[in-house]
Amino acid sequence: MRRVLVTGGAGFLGSHLIDRLLDNGNEVVCLDNFFTGSRENIRHLMQHDHFEIVRHDIVEPILLEVDYIYNLACPASPVHYQYNPVKTIKTSVMGMINMLGMAKRVHARILQASTSEVYGDPKVHPQTEDYWGHVNPIGVRSCYDEGKRAAETLIMDYHRQNDVDTRIARIFNTYGPRMAANDGRVVSNFVVQALQGKPLTVYGDGEQTRSFCYVSDLVEGLIRLMNTDDYHDPVNIGNPNEFTILELAEQIKEQLGSKVEIHKEPLPSDDPKQRKPDITRAKEVLGWEPTIQLKEGLAKTISYFDQALKGKIAMPRSYAGKED
Ligand code: NAD
Ligand code: UDP
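Residues numbered from 1 in each chain as written. Chains lettered and ligands numbered in written order. Predicted model: local features only at pLDDT ≥ 70, side-chain atom pairs only at ≥ 80, totals over all residues. Heavy atoms only, no water.

Chemist: Please clarify how the environment of glycine 204 should be interpreted in this entry.
Modeler: By the element assignment, glycine 204 lies in the loop between strand S8 (200-203) and strand S9 (209-211). Looking at glycine 204, the relative accessible area reads 19%, which means it is buried. As for glycine 204 and tyrosine 304, which are separated by 100 residues in sequence, their C-alpha atoms are 28 Å apart. If we skip the residues at most four places from it in the chain, glycine 204 touches Lys264, Glu265, Pro266 and Leu267. (Helix = DSSP H or I, 4+ residues; strand = E, 2+ residues; numbered from the N terminus. Buried < 20%, exposed > 50% of the residue type's maximum accessible area, 1.4 Å probe, protein only. Contact = heavy atoms within 4.5 Å.)

In structure tokens, the structure reads:
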């Protein structure tokens, strides 16, 4: 049995990843400081014989003995990563150093949850892994973007200098059940607003684009990357079907049969204008591509939030803002 550490395991992606790892017969240690994650996301696993949870902040060193490390700990929603930007970059840089140090000490394979944000406001479209990006180093998104870029640098240097067995997943916008209702990202915002009969808050003119990946596809991509031997360069994991934010809003209204209005709000600074992954590498190296398209994924997400808002499922809420 393999012992797997998932940092950020009480969060949205981490909790789905842990479900799959346990189903696959692994022993899982979930490490989380509960900044944006929630016990609700992992409550169903508390009695599982092969699951344990450690409340810990990856900015501080920790000694654990594991075979594999998925490093997902980091707030991912702009609202939350900008709440305490110094803490966000510390999480990406000091947290990465601590996890790489652990990987080096116990000879564990380590996968970093990097992001499409390393491409910034991209001038190359769709984004390929060899594009170096167009990132503002001093803007309000920099704590996240530059933190994740520095984490990639650290990974590559630990690999070259110390022969650590590393993987880098560049994750594009992912959505699905267990996002916190107050997460602040666009899919959960729109779905919750539409279910509550409130106007959908579109930032800017809504012509900016994103490509949305359903969570089960994303988890499959992460696991395949971890299990691929001897591949250390970054791999884009995302769904290449691209939509404007207005198209997303209209799609959600249509699926709900809702007539709520669209309320335009100011565009946050440095908001990328377009984003779409080139997934040629993921197809070639991992034999992976997404299987769930937006309509189907939204139906599952809408059903989840509908149940959660009616109190039929315990709803994770982010505690962001209550801890540093
Ligand atoms: P999330 O906010 O739901 O989960 C992040 C988890 O990390 C939470 O449980 C939080 O409490 C924990 N955490 C934050 N800082 C920590 C710290 N210092 N020490 C320990 N735990 C800490 O976000 P998510 O969507 O599940 O994202 C998971 C990872 O994937 C993040 O690293 C994020 O940058 C990356 N990612 C996500 C997306 C996406 O669209 N969901 C896209 C690109 C990258
Ligand atoms: N967005 C929006 N309304 C919202 C939340 C987000 O129009 O209520 C926009 C946001 O400006 C961005 C896109 O949707 O252009 C995706 O935002 P999100 O925070 O989900 O992710 P990211 O910007 O990190 O890709």
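Chemist: Looking at this structure, how should I read the site of ligand 1?
Modeler: Close to ligand 1 lie 30 residues, the nearest being Leu13, Asp32, Thr36, Tyr144 and Thr174. Threonine 91 places a polar side-chain atom, nitrogen or oxygen, 3.2 Å from a nitrogen atom of ligand 1. For ligand 1, an oxygen atom lies 2.8 Å from a polar atom in the backbone of threonine 174. Relative to its free-state accessible area of 820 Å², ligand 1 is covered by the protein chains to the extent of 97%. Elements with a contribution of two residues or more to the shell around ligand 1: helix H1 (12-23), strand S5 (109-115) and helix H4 (142-162). For the shell around ligand 1, the leading source of residues is S5, giving 3 residues. Residue classes in the shell around ligand 1 are distributed as 15 nonpolar, 11 polar and 4 charged. (Near = heavy atom within 4 Å. Polar contact = N/O pair within 3.5 Å; in protein donor to acceptor, adjacent residues only side chain to side chain. Areas by Shrake-Rupley, 256 points an atom, 1.4 Å probe, with all protein chains shown as cover. Nonpolar A, V, L, I, M, F, W, Y, C, P; charged D, E, K, R; others polar.)

Chemist: What am I meant to see in the packing of aromatic side chains here?
Modeler: Within a pair of aromatic rings, the relevant descriptors are the distance that separates the centres and the angle that separates the planes. All chains considered together, the criterion is met by 7 aromatic pairs. Between phenylalanine 35 and tyrosine 83, the ring centres sit 6.4 Å apart and the planes meet at 35°, which makes this aromatic pair tilted. One end of the pair, phenylalanine 35, is in the loop between strand S2 (27-32) and strand S3 (51-55); the other, tyrosine 83, is in the loop between helix H2 (78-81) and helix H3 (85-106), with 48 residues separating them in the sequence. The exposure class assigned to tyrosine 83 is partly exposed, which follows from its relative accessible area of 46%. An angle of 85° between the planes, with centres 6.4 Å apart, marks the rings of tyrosine 175 and phenylalanine 212 as edge-to-face. Of this pair, tyrosine 175 sits in strand S7 (residues 174-175) while phenylalanine 212 sits in the loop between S9 and strand S10 (213-214); the two residues are 37 residues apart in sequence, bridging distant segments of the chain. Judged by its relative accessible area of 1%, tyrosine 175 is buried. Through pairs of rings, three or more aromatic residues link up here, namely Tyr119, Tyr131 and Phe172. (Phe/Tyr/Trp six-rings, centres within 6.5 Å; stacked < 30°, edge-to-face > 60°.)

Chemist: What exactly am I supposed to notice about helix H6 (residues 215-227) here?
Modeler: Three- or four-residue spacings in an α-helix give side chains the same orientation, since the helix completes a turn every 3.6 residues. Along its 13 residues, H6 runs 18 Å from first to last C-alpha, staying within 8% of the 18 Å computed at 1.5 Å per residue. The set of residues buried in H6 consists of Val215, Asp217, Leu218, Val219, Gly221, Leu222, Ile223, Leu225 and Met226. (Expected span 1.5 Å × (residues − 1).)

Chemist: Honestly, the sheet that holds strand S6 (residues 166-171) in this entry has me stumped. Any pointers?
Modeler: Remark on secondary structure: sheet strands pair via backbone hydrogen bonds, oriented parallel or antiparallel. Taken in spatial order, the 7 strands of this open sheet run S3-S2-S1-S4-S5-S6-S11, and their pairing is parallel. A single partner strand is all that each edge strand has here, and the edge strands are S3 and strand S11 (234-237). Between one strand and the next, the sheet's axes are offset by a mean angle of 20°, whatever the strand orientation. Direction of pairing for S6 relative to S11: parallel, over a ladder of 4 bridges. Counterpart to arginine 170 in the pairing with S11 is asparagine 236. Where H1 meets the sheet, it contacts strand S1 (3-7), S2, S3, strand S4 (68-71) and S6, and its direction lies at approximately 170° from that of S1. (Pairing = 2+ DSSP bridges. Axes fitted to C-alpha atoms, helices over the stretch in contact; angles between N-to-C directions.)

Chemist: Looking at this structure, how should I read the packing of helix H5 (residues 186-195) against helix H9 (residues 294-309)?
Modeler: Helix-helix packing is characterised by the crossing angle of the two axes and by the distance between the axes. Here H5 crosses H9 at 55°, and the two axes come no closer than 10 Å. Comparing their axes, H9 and H5 come out oblique. Considering how the two elements wind past one another, H5 and H9 form a crossing that is right-handed. Only Leu298, Thr301, Ile302, Phe305, Asp306 and Leu309 of H9 make contact with H5, whose side of the interface consists of Val187, Ser188, Val191, Val192 and Leu195. For the contact of H5 with H9, the residue count by class is 8 nonpolar, 2 polar and 1 charged. (Parallel < 35°, antiparallel > 145°, perpendicular 65-115°, else oblique. Left-handed = near helix turned anticlockwise from the far one by under 90°.)

All we've got here are geometric facts, nothing functional implied.
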